[in-house]
Each structure stands twice: as C-alpha cells, then as structure tokens.
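# A structural walkthrough
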Amino acid sequence: MKQKEKKWTYVNKWYIILPLAFLMVIYLIPLGRMLWLSICDKETGEYTAEYFMAFFKDGYYIGVLSRTLILSLWSVVFCIIMGYPVAYKVAHMKGWKRSIATTFLVLPLWVSITIRMFGWMAILPKSGVFSIILQALHIISEPQNFLGSNVGVIMGLIHCGLPYFAMIMISPIENVDPYVEEASYVFGAGFVKTFFKVTLPLTSPGIVSGALLVFALNTAAFMVPVMLGGGKVMVMTNMIYQQTMFIFDWNFAAALSVVLLFVSMFIVTLSSFLSNKMRIQE
Amino acid sequence: MKREMAMLALSAAVALGCIGCGGNSGKDEQKPAETETKEPTESSEKTDGNADDTTSEKPFAGQTVRVTSWGGTYEETLRNIVKPAFEERTGATMEIVLGSAPLAQLKAEGDDPSVDVLHVNYYEMMNGKLLGVTKELDYDAMSNAPDLYDEAKENEYGVITNWGTRGFAYRNDLIDAPTSWKDLWNPEYAGKVIVSDVTFGGGYELAEMAAHAFFDTSLTDKSCWDGVFEKLEELAPNVYMVSTQHSDTDTALINGDAVIAIHTNGRTAMLSNDGHDEISYADLEEGLPGMPTYVAVAKNTKVPELANELVNELIGVEAEYAYATNNFYAPSNRKCEVPEELQPFMPYGEEAIQKLIFFDQEMITEEDRAEFVDRWNKVFKN
C-alpha cells in the first residue's frame, strides 16, 4: 500500500513538472525577452527607460490604456449582472434540463470568435438591428452607428466573456448548502434578503474568480476591438500590434506590453487581496 | 535493426532523388517560361507543345514554393488561375499563405523564412528592404522581364505585377459625383465618409492628396505635415469608419451607411459588376494615387530559383491577364492586352500609368513614419 502511494506521488510530481516546463518554454522565455527589449536601446543595446518615458509622457497613450481597462471593466460588470442569474438558474436545474441549458451556455464558444464578431458587425451599424431596436424602445431618436464605438466593442467583449463567467459561477452557487438558504427562509427572510445576505456573500469568491478571468481575457482581447472598433477604437493590444507589425518598433511594443501586463497584474492582485480581506472580516 | 537500415537507405535514396531534381532546376530554369508564356488574347501565337515535352520540362517537380496573398478575390485569381498553370508548367507545388506580408515574422525567422514569395504594397516593399528580409530580384533570369513597362521594374526589391488606383467609390443615387479630394470635407457628408487606415494602405495616400489639394505640395515636404493633420482633424467628424478591410467598405456603401469611401478601382468595379449600379468610381481633378502590387522574394528562401520562377509567372501575360479581367488591375506587362470594354475600369497602358500620383515613401525616414502613424492615431483613433 505504501509503495502504491509512493508511486502515485512520483507520478503526481511529473504531472506538475511537465506542464510547468511547457509553460516555462512558451511563456517565461518570451516574457523575459520582452522585458529585456522594453529596457534595451534599439540602436546601442544599452539599458534605457526611454520607451517607458515615451509612454507615460504622452497623454494619448495613457488614454489608450485607460480605455482598454474601462472597456474591460464595463464588460465585467455586465457579465456579472447577466451571467449570475443564468448560472444561479442552471445550478438549480437537474437532469436533461441542466444539460440543455449548459449546452446553450457554451454554444457560442464552439463558433470562432471571428465569425461571432462578423455577426456583430451586421448588427451594430446604423442600418443594423441594434439601432432599430433602440429606436423602437425610444432609447435613441434616430439611427445611430455603434460600429466603431466604445458601446460596440463592449457588446463584443460581453459576448466573449459571458459564457466563461456563467460557467465559472455554476459550481460556487451549487456548493452553497441548500439548508443554509432554507434556514434563512425559515427565519422569515424573503428571496431578495436571502440572496443578498446569504447566497451572494457565500458565492463572492466565485464572482471574484469569474470577474478576474473575464477581465484578464478582455483586457488582452484583440479581435473584438479590431473588428468592432471600426478602425476608430484604439486599445493597447491594437497599438502593440501596430507597433510590431507596421512600425517595426519592437522595443516600444515591448514596453507597451510590459505596461499592460503589470497594470493588469496589479488590478488582479489588488482585487484578490481586497476580496480575501473582505472575506476574513466577514 | 534490418528494418531501420532499410528505412535509412530508402530515406537516403529519396533525398538523393530530391537533390537530383534540385540540381537540374537551376540549369533549365528559364525554359518552361519561354515555351509556355503566351498572349491570351492572341490565340494564334499559342505554342501548344506536345505532352511528353511538357512532362520532361518540369525541373521543379517535388519542390514547394510558399507565396503570401491578400485574401478575397485577389487570392481567388491566384488559387484558381495562376496556381494550376504554374504547377502544371513547373511540376512544383505552390502553397498560398493568406494575409498581408509577414515582414516582422520574417525578421524573427532569420535564416529559415516561412514564405518564399510575397505580395506586397509599396510600403511593405520598402519595409522589406529596410528590414533586410527581401532580396534583390534577378531580372536577367526572368524571361518576362523585358516585356514589362519600365515603371514596373524600377525597384530591385520588388517588381510591379499590376496597378490599381485609390479614389472615391460613391453612392450615385444619394450624392452628386465628387470631383475633388476636397469633397471629403463636405459637411453634408458628416458621418458618412470612409477612409482607409494607414496600416491597411490608403492612409498615406489620403494625406498625400490632402497635401496636393490644399497645399499644392507633397508629404515628402515635411513642413506641410502640420497643415495636413489639421485638415485631417477637420475631416474626422465626417468619418464613419476607418476601414481596415475592403469588405467593410463594400458593406457600408451597399447599406447606405456611408455615401463616399476611399476605395480601390478594382473593388469598385467588382461591386458594379455584381449589380450594384448605384456605386460608381469618381474621376477626381487632382488625379488618383497609384496602387501598385509588388512581388518580392524572401531573402533567405531555400528555393531561390523556384521563387524567381514564380515571380516570372506573376509578371507573365497569362497571370496579368487574369488579374486584369478578374480583379480590374492594370497589367505591367506591355504584351498583355485587356479587352476594350474593361480598359476604362483600370489605369491601362503606359500613358495612364504615368498620370498616376506616387508618393515617394523612401523619402520619409523610419522616425517620420512612426511620427506619421502616431499623429494619424491621434486624429482618427482618439
């Protein structure tokens, strides 16, 4: 029995080492190269901070970074608002109903992002369905073009992030002990009070995980702003692509990538920290 | 062990066979082009040749050449017409790699490029040279080179296979025919103008034509840049979309979301051809910027002779005729005669080509290009 345990531990070790080695090769080495490029003068090869200075000195670049984060944050907010109820309902379903609901949830992910965005490109223009619906609802008075606007990009980001968020939320909601909710009802709390005082706090770690995943994905989104931005919405990923593929200034592109990476990491870490702190206080 | 030895021997035999094929290819390189190049409009000049001769003159059999191409109809012509003819004549396989020229990728790949031949625009051709990822072309080794207009072979790093123009596609049922580049600034077109993005091609041309129309100068005169960008800022409120794909421009024009767009003559002609009579191409008083398509060869290609052979094919009469009749791009080979009814859709003939406006991007330094794109972003992507 002991031998079997040892063997299993031995195999288990390799299950960790191999994926880590894989990640090391395809992630850490290029990351190291990128960090080096961002502080290396392209002419002399000496250390320099000029690329970071160029970024932080120019308000336009700061604006692009802010837009990237804001678009991503808005998409996260909408994913939470729209994804949580869906996940809540699916988590309480059983049997074939649950299978069908889960299938519908992940169905968009089976279609290439390019195809999905082409769909949105037909929906968002001035003559598109989105504008017509908003007019019918008297939200806008005349046809409006949403292609090439922040709204259009947010719609695309929500479409991409929503299935991930909802899928992630199903397990935490499912793990809430039904007796806890029942006890709340027994003591006279209604659905709304039970939800906000019991279910939501118990599932908040799941919300944070889902939100962080969607935020990370959407901050790094490339196809969505390219296709729905109409060439007018510049975000960090587009700018990195432009600097790399068109201007061929790899050093500045590396500096942009480093800024985006560190800002995203900072926000993710801060969110996790605050979430943990709140949980401890509770 | 025996099995391994047998496999080794078999591999060695195959490798020797391949080397043998490669060895012959260099010597016979020009023969297939010389025997097969023909004028499609003059059937009497066709040299049929017997089948046995054709089979024996396939010096590149077993080799593969990879060529980049823009997608859509350009790629359709390459895949459906040029590729079968080239493969039949040379015995080689042509792999088409979709997308714009991967210059940065070639730079990163160094000695082992992932493509051999590249379709490039003027800007990419200049950058390929600047980055050192393309090589000088050997015009002497191309049997079709003497038939090219002089303008087509002015550059050693890329040969022009055809010319298009960039001008205005407009909705003739919604607005009067534009006559000047200044018409883009017409306040009546607010929110209904499409310009091409600088990274897509067309951005420099717009700025160049603004320099011509408003300041009677060229972008190579950097003192006009402030004025040009001020004018572009004035244009920004009129812009519906900064297009990065021809299809987006097509769709917006068809739907009437935009009424005027900077577009190529070829795509506009194709729209008309598809029954969209409401879309026309304008004749502008300041003239039209030329849009040459270049073909370049990757510097470190492993199949230089075959790559050269493909370039030769692309400047041949058959390939250029295909692009002229399918894509409405004017041939650079003077022997390629385009049907009269199609000639008005393209800058056909040497005289028409000489009238096109070309902006000498070589005059703009690397730093200037970065500055141009930066200022462009601040105007249109704010």
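The rules behind the values
- Position labels on residues start from 1 in each chain and follow its written sequence.
- The naming scheme follows written order: chains are lettered A onward, ligands numbered 1 onward.
- Two thresholds apply to this predicted model, a pLDDT of at least 70 for residue-level local features and 80 or more for giving and counting side-chain atom pairs, whereas whole-chain, interface and lining totals are computed over all residues.
- Strands are runs of DSSP state E lasting at least 2 residues, helices are runs of H or I lasting at least 4, and numbering of each runs from the N terminus.
- Any residue whose C-beta has 12 or fewer other C-beta atoms within 10 Å is treated as exposed, any with 20 or more as buried, and any in between as partly exposed, C-beta atoms being built from the backbone.
- Any pair of residues counts as being in contact when their C-beta atoms, constructed from backbone geometry, are within 7 Å of one another.
- Each domain's extent is set by a domain assignment, obtained either automatically or from a database.
- Just so you know the grouping, Ala, Val, Leu, Ile, Met, Phe, Trp, Tyr, Cys and Pro go in nonpolar, Asp, Glu, Lys and Arg go in charged, and all remaining residues, Gly too, go in polar.
- UniProt positions are given in the numbering used here, feature names are shortened, and annotations may be inferred rather than shown by experiment.
- To estimate the expected span of a helix, count its residues, drop one, and scale the result by 1.5 Å.
- Note that the bend at a residue is defined as the angle between axes fitted to the seven residues ending at it and the seven residues starting at it.
- The nonpolar core criterion groups buried Ala, Val, Leu, Ile, Met, Phe, Trp, Tyr and Cys residues into a set whenever they are joined through C-beta atoms within 7 Å.
- Axis angles are defined between N-to-C directions and span 0 to 180 degrees, where every axis is a line fitted to C-alpha atoms and, for a helix, only to the segment in contact.
- Roughly parallel means an angle under 35 degrees; roughly antiparallel, over 145; roughly perpendicular, 65 to 115; everything else is oblique.
- Handedness of each helix crossing follows the sense of rotation of the near helix against the far helix: counterclockwise by less than a right angle gives left-handed, clockwise gives right-handed.
- When DSSP finds two or more bridges between a pair of strands, those strands are recorded as paired.

To continue, consider the overall build of chain A. Tallying secondary structure elements over chain A gives twelve helices and zero strands in all. The secondary structure elements of chain A, listed N-terminal to C-terminal, are α-α-α-α-α-α-α-α-α-α-α-α. If you line up chain A on its principal axes, its C-alpha atoms span 70 × 70 × 40 Å. Considering chain A as a whole, with its 282 residues, one finds that 30% of them fall into the buried category.

A few words now on the overall build of chain B. Secondary structure summary: chain B contains 14 helices and ten strands in total. Across the 382 residues of chain B, 47% fall into the buried class. Nonlocal contacts in chain B, meaning residues at least 24 apart in sequence, comprise 75% of its contacts between residues at least 6 apart.

Residue and element names in this part refer to chain B. Per the domain assignment, the segments of chain B are domain 1 (61–163 + 292–354) and domain 2 (165–290 + 357–380). Placing a centre on the C-alpha atoms of domain 1 and another on those of domain 2 gives a separation of 26 Å. Tallying the contact residues gives 14 residues for domain 1 and ten residues for domain 2. It is helix α6 (residues 122–131) that contributes the most residues to the side of domain 1 that touches domain 2, three residues altogether. In the side of domain 1 that touches domain 2, the residues fall into ten nonpolar, four polar and no charged.

Here we come to unusual backbone geometry. Even without a glycine there, the phi angle at H138 of chain A is positive, about 60°. Residue H138 of chain A is classed as exposed on the basis of its 7 C-beta neighbours within 10 Å. Positioned with a positive phi, F328 of chain B is a non-glycine residue whose angle comes to about 65°. Here F328 of chain B lies in the loop between α12 (317–327) and β10 (330–331). Residue F328 of chain B is classed as buried on the basis of its C-beta count, with 27 C-beta atoms lying within 10 Å.

Take the environment of N265 of chain B next. Within the secondary structure, N265 of chain B is located in helix α10 (residues 265–273). Along the primary structure N265 of chain B and A282 of chain B are separated by 17 residues, whereas in three dimensions their C-alpha atoms are 9.3 Å apart.

For the rest of this paragraph, the subject is the interface of chain B and chain A. Taken together, the contact between chain B and chain A spans 21 residues of the former and 19 residues of the latter. Per-element tally for the side of chain B that touches chain A: the top contributor is helix α14 (residues 366–380) of chain B, with six residues. Split into classes, the residues belonging to the side of chain B that touches chain A amount to nine nonpolar, seven polar and five charged.

With that settled, the discussion passes to the UniProt feature "domain: ABC transmembrane type-1" (unreviewed entry) in chain A. If you check UniProt for "domain: ABC transmembrane type-1" (unreviewed entry), the listed places come out as residues 65–271 of chain A in our numbering. The straight-line gap between the two end C-alpha atoms of residues 65–271 of chain A is 19 Å; of that span, 78% is helix and 0% is strand.

This part takes up helix α3 (residues 59–91) of chain A. For the α-helix, the turn length of 3.6 residues means that residues three or four positions removed from each other point alike. For α3 of chain A, with 33 residues, the first-to-last C-alpha span of 46 Å sits near the 48 Å given by 1.5 Å per residue. By the largest-angle criterion, G83 of chain A marks the main kink of α3 of chain A, which is about 30°, and a proline, P85 of chain A, follows within four residues.

Take the nonpolar core next. Counting residues in each nonpolar core, the largest one holds 154 residues, and the members touching the most others are L256 of chain A together with V117, A258, L310 and V311 of chain B. No other element matches the twelve residues that helix α7 (residues 150–174) of chain A contributes to this core. Filtering out sequence-adjacent residues up to four positions away, L256 of chain A remains in contact with F55, M236, M239, I240 and Q243 of chain A.

What follows concerns the environment of V77 of chain A. Residues and elements named next belong to chain A. Relative to the helices and strands, V77 is located in helix α3. By C-beta crowding, V77 is classed as partly exposed, having 14 other C-beta atoms within 10 Å. Each C-alpha atom of the pair V77 and V214 lies 9.8 Å from the other, and the pair is 137 residues apart in sequence.

We now examine the domain arrangement of chain A. Residue and element names in this part refer to chain A. Taken as a whole, chain A is organised into domain 1 (1–38) and domain 2 (51–281). The C-alpha centroid of domain 2 is placed 30 Å from the C-alpha centroid of domain 1. Between domain 1 and domain 2, the residue contacts involve four residues of the former and seven residues of the latter. Across the side of domain 1 that touches domain 2, the residue classes break down as three nonpolar, one polar and no charged.

Once that is clear, we can look at helix α9 (residues 246–255) of chain B. Residues and elements named next belong to chain B. Of the residues making up α9, those classed as buried are H246, D248, T249, D250, A252 and L253. For α9, the secondary structure elements touched by its buried residues are β4 (159–171), β5 (193–196), β6 (239–243), β7 (260–264), α10 and β8 (279–281). Phi turns positive one or two residues past the end of α9, at G256, with a value near 80°.

All right, on to the packing of helix α4 (residues 73–90) of chain B against α12 of chain B then. Residues and elements named next belong to chain B. At a closest axis distance of 10 Å, the pairing of α4 and α12 adopts a crossing angle of 150°. As far as their axial angle goes, α12 and α4 are roughly antiparallel. The way α4 lies across α12 gives a crossing that is right-handed. Taken together, the residues of α12 that come into contact with α4 (itself represented by T73, Y74, T77, I81, V82 and A85) are E318, A319, A322, Y323, N326 and N327. Counted by class, the contact of α4 with α12 contains seven nonpolar, four polar and one charged residues.

Residues and elements named next belong to chain A. Under the local residue numbering, the UniProt record ascribes the feature "transmembrane region" (unreviewed entry) to residues 12–29, 60–87, 99–117, 152–171, 183–200, 207–230 and 250–274. As annotated, residues 152–171 has a helix share of 100% and a strand share of 0%, and its two end C-alpha atoms lie 31 Å apart. Between the first and last C-alpha atoms of residues 250–274 the distance is 36 Å; the span itself is 100% helix and 0% strand.

Take the pairing of β4 of chain B next. Remember that side chains alternate between the two faces of the sheet whenever the strand is regular. All names here are of chain B. Summarising burial for β4: twelve of the 13 residues are buried, a large majority. Pairing analysis gives six bridges linking β4 to strand β9 (residues 290–297), with the strands arranged antiparallel. Note that in β9 the partner of T165 across the bridge is G290. Here β4 runs beside β10; their pairing, made up of two bridges, is antiparallel. Bridge pairing in β10 links W163 to A330. Here five bridges tie β4 to β7, and the two strands are oriented antiparallel to one another. Along β7, the bridge assignment pairs A169 with A261. Strand direction decides the pairing type here: β4 and β8, joined by three bridges, are antiparallel.

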